[in-house]
Structures are given as C-alpha cells and as structure tokens.
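# Coordinate analysis (summary)
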Amino acid sequence: QVQLVESGGGLVQPGGSLRLSCAASGSIFSINAMGWYRQAPGKQRELVAAITSGGSTNYADSVKGRFTISRDNAKNTVYLQMNSLKPEDTAVYYCNANIRLRGLSYGMDYWGKGTLVTVSS
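Below is a short write-up of the structure. (Residues numbered from 1 in each chain as written. Predicted model: local features only at pLDDT ≥ 70, side-chain atom pairs only at ≥ 80, totals over all residues. Heavy atoms only, no water.)

The helix and strand tally for the chain stands at zero helices and eleven strands. Walking the chain from its N terminus toward its C terminus, one meets helices and strands in the order β-β-β-β-β-β-β-β-β-β-β. Against the 2.2 N^0.38 benchmark of 14 Å for 121 residues, the chain shows a C-alpha radius of gyration of 14 Å, consistent with a compact globule. The principal-axis extent of the C-alpha atoms belonging to the chain is close to 50 × 25 × 25 Å. Per-residue burial for the chain yields a buried fraction of 40% across its 121 residues. In the chain, 55% of the contacts between residues at least 6 apart in sequence involve partners at least 24 apart. Surface exposure of the chain reaches about 6500 Å², of which carbon and sulfur atoms provide 47%. One way to put it: in the chain the 12 positive side-chain charges average out to a point 5 Å from where the 7 negative ones average out. (Helix = DSSP H or I, 4+ residues; strand = E, 2+ residues; numbered from the N terminus. Rg over C-alpha atoms; globule rule 2.2 N^0.38 Å. Buried < 20%, exposed > 50% of the residue type's maximum accessible area, 1.4 Å probe, protein only. Contact = heavy atoms within 4.5 Å. Areas by Shrake-Rupley, 256 points an atom, 1.4 Å probe, with all protein chains shown as cover. Lys, Arg positive; Asp, Glu negative; His and termini not counted. Charge placed at Lys NZ, Arg CZ, Asp CG, Glu CD.)

Here you go:
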C-alpha cells in the first residue's frame, strides 16, 4: 500500500557531499514525521535526523552542523543533504516515515529498503 524509495547513495571521498532522497507513494492521507536512520556493519541502526510535518528537526550529535534534513510535503519526499562526510558516516541509510493511510485514523511506521553510502579515499 505504501512504498518508500530512497536514492542518492554512493561512493564519495572524505570531505565530500551527497544528497539522499526518499519518496513515499501509495494510498497516503497524510505523513507525520519523516526521518533518516543508518546502520553501519556490526552496529545497531541509529537515528540520523528527523523532521516533523511542521518542519521541526532534530539531529544526532555526530552529524549536527554537517547534515541537513528537509522535506517537500507536496511531493511526499524527504531529503538528507550530507556535507563534510567522514569515513565513519559509511552505512546503509534508511528512510522512515509515519504515514496515515486513507480510511485510517492513525499513522503507522514505514521503512525504505536502504541506500548504501560509502565514504572512502
């Protein structure tokens, strides 16, 4: 019923930039919070950044000042601009969204399949 499709991952050198996108599609009535998580090899999945429907944001301490999350509500899309990338940012990045489907009175969490970001020289 709902799909989250990420794009924009890849290989980048330390200090470089990437922009991730995640578009939601399906029988969507509204989208509440959207966010980006990441999971590095051998580590637990962690929150990177999140944004509410009103535009309030929060970030993991490790990415503050380097990453910026934004969203386009008309396109049901969330973005993650990543600057000054470091090798420790290497991970699979997952999109998450709390979505209320048409005909329902509550939202549910949905996940994308992930996109790999590799920061290496």
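A complete count under the given rule lists one aromatic pair for this structure. With centroids separated by 4.9 Å and ring planes inclined at 65 degrees, the aromatic side chains of Tyr-37 and Trp-111 adopt a geometry described as edge-to-face. Here the residue Tyr-37 occupies a position in strand β4 (residues 28-39), and Trp-111 occupies one in strand β10 (residues 107-111), the gap between them amounting to 74 residues. Assessed through its relative accessible area of 23%, Tyr-37 is described here as partly exposed. For Arg-45, the ring lying beneath its charged end belongs to Tyr-94, and the centroid distance is 3.7 Å. Over the face of the ring belonging to Trp-111 we find Arg-45, whose NZ or CZ atom lies 4.8 Å from the ring centre. (Phe/Tyr/Trp six-rings, centres within 6.5 Å; stacked < 30°, edge-to-face > 60°. Lys NZ or Arg CZ within 6 Å of the ring centre and 35° of its normal.)

What follows covers the environment of Tyr-37. Along the sequence, Tyr-37 and Ser-120 sit 83 residues apart, while their C-alpha atoms lie 20 Å from each other. Discounting chain neighbours no more than four positions away, the residues touching Tyr-37 are Arg-45, Glu-46, Leu-47, Val-48, Val-92, Tyr-93, Tyr-94, Asn-96 and Trp-111.

This next bit is on the pattern of salt bridges. Counted by the stated rule, this structure contains four salt bridges. Notably, a salt bridge pairs Glu-46 with Arg-38, separated by 2.7 Å at the nearest N-O pair. For Arg-38, a relative accessible area of 6% translates into the label buried. One network of salt bridges, in which partners are shared, links Arg-38, Glu-46, Arg-66 and Asp-89. (Salt bridge = Lys/Arg side-chain N within 4 Å of Asp/Glu carboxyl O.)

Another aspect to go through is the nonpolar core. Ranked by size, the top nonpolar core spans 32 residues in total, and within it Trp-36, Leu-80, Met-82, Tyr-93 and Ile-99 carry the most contacts. At six residues, strand β9 (residues 91-101) tops the list of elements feeding residues into this core. In contact with Ile-99, not counting residues within four places along its chain, are Val-2, Leu-4, Ala-24, Ile-28, Ser-30, Ile-31, Tyr-106, Gly-107, Met-108 and Tyr-110. (Core = buried A, V, L, I, M, F, W, Y, C linked by side-chain atoms within 4.5 Å.)

With that settled, consider the sheet that holds strand β8 (residues 77-82). As summarised here, the arrangement of the four strands in space is β1-β3-β8-β7, forming an open sheet in which the pairing is antiparallel. Strand pairing shows two members of the sheet lacking a second neighbour, β1 (2-7) and β7 (67-72), which therefore form its edges. Pairwise comparison of adjacent strand axes, ignoring direction, gives a mean angle of 15 degrees for this sheet. Pairing of strand β3 (residues 18-26) with β8, which is carried by six bridges, proceeds in the antiparallel orientation. Residue pairing for β8: Ala-23 is matched across the bridge by Thr-77. (Pairing = 2+ DSSP bridges. Axes fitted to C-alpha atoms, helices over the stretch in contact; angles between N-to-C directions.)

Honestly, that's just the spatial picture; any functional story needs more than this.
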